[in-house]
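Descriptive analysis of the structure
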Amino acid sequence: MREKGVKPVRGGSSGDLFCRVVIETPVSLSAEQKDLLKKFEASLQEGSHKPREQSFFEGVKKFFTGAVD
């Protein structure tokens, strides 16, 4: 993330912050776990949380252009 890193001791602009994200998905779920995930998904549909409103590439483009909603 551009200019979100540590500031140099001698002044100047902040450095870039590099992040590594590791996402692990469960391989096998019990029936109870599947039911809980379905309930969780249904609760997200009822509220204002809409993570899929924009595509992944639209989000990347917005990040690099600095566009704000």
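Let me sum up the structure you'll find in this document. Small disclaimer: the values here were computed from a predicted structure and weren't measured. (Residues numbered from 1 in each chain as written. Predicted model: local features only at pLDDT ≥ 70, side-chain atom pairs only at ≥ 80, totals over all residues. Heavy atoms only, no water.)

**Re the overall build of the chain**
- Counting its secondary structure elements, the chain contains two helices and zero strands.
- When burial is assessed residue by residue, the chain has 1% of its 69 residues classed as buried.
- A total of about 7,100 Å² of accessible surface is found on the chain, and carbon and sulfur atoms cover 57% of it. (Helix = DSSP H or I, 4+ residues; strand = E, 2+ residues; numbered from the N terminus. Buried < 20%, exposed > 50% of the residue type's maximum accessible area, 1.4 Å probe, protein only. Areas by Shrake-Rupley, 256 points an atom, 1.4 Å probe, with all protein chains shown as cover.)

**Here's the deal with unusual backbone geometry**
- Not every positive phi belongs to a glycine, and glutamate 3 is a case in point at roughly 60 degrees.
- By the element assignment, glutamate 3 lies in the segment before helix H1 (31–46).

**What about the pattern of salt bridges?**
- One pass over the full model with this rule turns up one salt bridge.
- Among the ionic pairs, lysine 39 bridges to aspartate 35, the shortest N-O distance being 3.5 Å. With a gap of four residues between them, lysine 39 and aspartate 35 both fall in helix H1, about one helical turn apart. (Salt bridge = Lys/Arg side-chain N within 4 Å of Asp/Glu carboxyl O.)

**What to know about helix H2 (residues 56–65)**
- Little of H2 sits out of view: just zero of its ten residues are buried.
- Downstream of H2 by one or two residues, glycine 66 has phi in the positive range, about 75 degrees.

**Quick word on a nonpolar patch on the surface**
- A surface patch of nonpolar side chains, about 420 Å² in accessible area, is lined by Met1, Leu17, Phe63 and Phe64.
- When you line up the elements, methionine 1 lands in the segment before H1.
- A relative accessible area of 43% means that methionine 1 is categorised as partly exposed. (Patch = residues over 30% accessible without salt bridge, like charges linked within 9 Å, V, L, I, M, F, W, Y side chains within 5 Å.)

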